[in-house]
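Each chain is listed here by its residues.
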Amino acid sequence: MNHKPIEGFSKLSKQHKIDWLINEYLQGNQEYQKILQQYWNDNPDLQKLHEEFSENTITNFYMPYGIAPNFLIDGKLMALPMAVEESSVVAAASKSAKFWLERGGFKTTIINTEKLGHTHFIFKVEAHKLLHFFNFTLKKKLFEATEDITANMRKRGGGILDIKLIDKTSELADYYQLKASFNTVDSMGANFINSCLEQFGKTLKDEVAQSDAFSEDEKNSIQIVMNILSNFTPDCIVRAEVSCKIDDLKDDSGISNEEFAWKFKQAVTIAEIEPYRATTHNKGVMNGIDAVVIATGNDFRATEACAHAYASKDGKYKSLTHCTTDNGIFRFWIDLPISVGVVGGLTNLHPLVKFSLALLGKPSAQELMSILAVSGLAQNFAALRSLVTTGIQKGHMKMHLFNILNQFGATEEEKQYFVNYFKDKTVSHHEVISELNKLRNK
Ligand code: MEV
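Since the model is a prediction, treat every value here as computed from it, not as a measurement.

Asks: Break down the sheet that holds strand β9 (residues 321-324) for me, with residues and values.
Replies: In sheet architecture, strand pairing relies on hydrogen bonds along the backbone and comes in two forms, parallel and antiparallel. Read from one edge of the open sheet, four strands run β3-β8-β10-β9, paired in antiparallel fashion. Where the open sheet ends on each side, the last strands, each with one partner, are β3 (107-110) and β9. For this sheet the average axis-to-axis angle between neighbouring strands, irrespective of direction, equals 20°. Taken together, the nine bridges between strand β8 (residues 237-245) and strand β10 (residues 329-337) define a ladder with antiparallel strand orientation. Each residue of the ladder has a partner; that of R239, found in β10, is D335. Each of β9 and β10 is contacted by helix α9 (residues 257-273), which is oriented at about 140° to β9, the strand it contacts most. Each of β3, β8, β9 and β10 touches helix α13 (residues 365-387); the most contacted strand, β10, lies at about 130° to it.

Asks: Let's hear about the site of the ligand: which residues, and what values?
Replies: By nearness alone, every residue bordering the ligand is listed as E86, R277, T280, H281, K283, G284, N287, A383, L387 and I392. Here an oxygen atom of the ligand sits 2.5 Å away from a polar atom, N or O, in the side chain of E86. Side-chain polar atom of R277 to an oxygen atom of the ligand: 2.7 Å apart, as the coordinates give it. In isolation the ligand offers 300 Å² of accessible surface; the protein chains occlude 85% of this area. Taken together, the elements giving at least two residues each to the shell around the ligand come down to α10 (275-295) and α13.

Asks: Any chance you could break down the packing of α9 against α10 for me, citing the residues and the numbers?
Replies: In the contact formed by α9 and α10, the axes pass within 6 Å of each other and the chain directions differ by 115°. Taken together, the axes of α9 and α10 are roughly perpendicular relative to one another. α9 and α10 meet at a crossing whose hand is left-handed. For the pair formed by α9 and α10, the contact residues are V268, I270, A271 and I273 on the first element and P275, R277, A278 and H281 on the second. Class assignment for the residues of the contact of α9 with α10 results in six nonpolar, one polar and one charged.

Asks: Can you explain the packing of aromatic side chains? Please cite residues and give values.
Replies: Going through the model one piece at a time under the given rule, you end up with 26 aromatic pairs. Consider the rings of W100 and F330, whose centres lie 6.1 Å apart with planes at 15°: the pair is stacked. Residue W100 is found in helix α4 (residues 89-101), and its partner F330 is found in strand β10; the two are separated by 230 residues along the sequence. Grouping aromatic residues by their ring pairs yields a cluster made of F99, W100, F260, F264, F330, F332 and F381.

Asks: Outline the sheet that holds strand β7 (residues 223-230), listing residues and values.
Replies: Across the sheet, four strands lie side by side as β5-β6-β4-β7; this open sheet has antiparallel pairing. Looking at strand neighbours, the two that pair on one side only are β5 (159-167) and β7, the edges of this open sheet. This sheet shows a mean twist of 15° between the axes of neighbouring strands, independent of strand direction. Relative to strand β6 (residues 175-183), strand β4 (residues 115-122) is paired through eight bridges, and the arrangement is antiparallel.

Asks: Give a detailed account of the side chain of H350, specifying residues and quantitative values.
Replies: In this fold, H350 is placed in the loop between β10 and α12 (351-359). Leaving out residues up to four positions away in the same chain, H350 has contacts with H50 and F53.

Asks: For the nonpolar core, give the residues involved together with the corresponding values.
Replies: By size, the foremost hydrophobic cluster in this structure holds 60 residues, and its most contacted members are F71, F264, F330, F332 and I338. Broken down by element, the residue count for this core peaks at ten residues, all from α13. Discounting residues that sit within four places of it in the chain, F264 has contacts with C323, F330, F332, F381, L384, R385 and V388. Among the nonpolar cores identified, the runner-up in size contains 26 residues, and L130, L138, Y176 and L197 belong to it.

Definitions and cut-offs
Residues numbered from 1 in each chain as written. Predicted model: local features only at pLDDT ≥ 70, side-chain atom pairs only at ≥ 80, totals over all residues. Heavy atoms only, no water. Pairing = 2+ DSSP bridges. Helix = DSSP H or I, 4+ residues; strand = E, 2+ residues; numbered from the N terminus. Axes fitted to C-alpha atoms, helices over the stretch in contact; angles between N-to-C directions. Contact = heavy atoms within 4.5 Å. Near = heavy atom within 4 Å. Polar contact = N/O pair within 3.5 Å; in protein donor to acceptor, adjacent residues only side chain to side chain. Areas by Shrake-Rupley, 256 points an atom, 1.4 Å probe, with all protein chains shown as cover. Parallel < 35°, antiparallel > 145°, perpendicular 65-115°, else oblique. Left-handed = near helix turned anticlockwise from the far one by under 90°. Nonpolar A, V, L, I, M, F, W, Y, C, P; charged D, E, K, R; others polar. Phe/Tyr/Trp six-rings, centres within 6.5 Å; stacked < 30°, edge-to-face > 60°. Core = buried A, V, L, I, M, F, W, Y, C linked by side-chain atoms within 4.5 Å. Buried < 20%, exposed > 50% of the residue type's maximum accessible area, 1.4 Å probe, protein only.

Take a look at the structure:
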């Protein structure tokens, strides 16, 4: 069937949007209206709040919100909020937390907290002339022009740290950047950084126009292409680590401590040299990070993009975590670039985000960086621990089984039957369904 485009969809009321969708794409089937309606919140104010987070909202999409307790982080015991749809992630985090609780917990260090942004521009001019103009005229003007924008941030201890002119003409004809670094204190800082950068773009253009350092042709050639923060923050790094004597690893899977430590280190080294494995390895790390990022109202696309760019910083995609087993000590750590906030954005708006931050003891942005790095490290530890011992499927299969059974509306009794049935067998979708049919036809 050919569908018709629509003008002004965003201006329709919620009900009219739904009516149009059901008629245009769902053959007028009103059952779909019921599905959407089931997820509306009974509290109209809360519903309105959620609708206003985004555009063209017709319902809410729920995600499970779970808790991984027993995280000992820098001596503080914490329960981590995790919003994640994938089964086993919260269980894995909890297991790791418990394991390391008994071995001194997680230690973290903030290495640095610099955020970056760029004004990207094209200018047909000799590089040395531009550099002179930047050093002796422009740089000062850029700081002055953004004084109003930065006033509040400076009061809070942040602001623009530095601005550099970068010559990129060897990669793209006439391409330069103003590369600025920022301290955004407790905010993620996207709005602040972008506002500063947009002002840089205007000031750059105005100052070039007024300058007598350039010819008319040169002046006319300047084009501000864009002003935007970078989600790659290689100078906003937190380290989280765990360590213990190899003798104290005491894995319960039956292999010796030495074999466990050796296999674990091999698994990390494989992810350091093999991008196919590194991708899955880091995906597992991000399972832990994203769940807490979402629960605390931060931007998981930004943290994902940054982590993967960092994983490729040496020209080859590598593991974000590292391990050593020297002198009888097992040491496992992550250096994670991550830019998050605890003020601004959703943090003051979403009731569950407020809950998450309160649960974490109202952390500063730096403390949240630490918690996130720990969550990623813990998740990776749990995944590797399973992978090098029992295999990953053992833990996953019970949840997989329940997901299949839930799809078919299984009762608690039926679920128990299947847990026993698959005790010594591999769960398969086909077998669950055929056995369920037999059971129900009895
Ligand atoms: C699944 O979401 C994540 C894992 O594949 C991670 C890993 O293999 O390290 C279990």
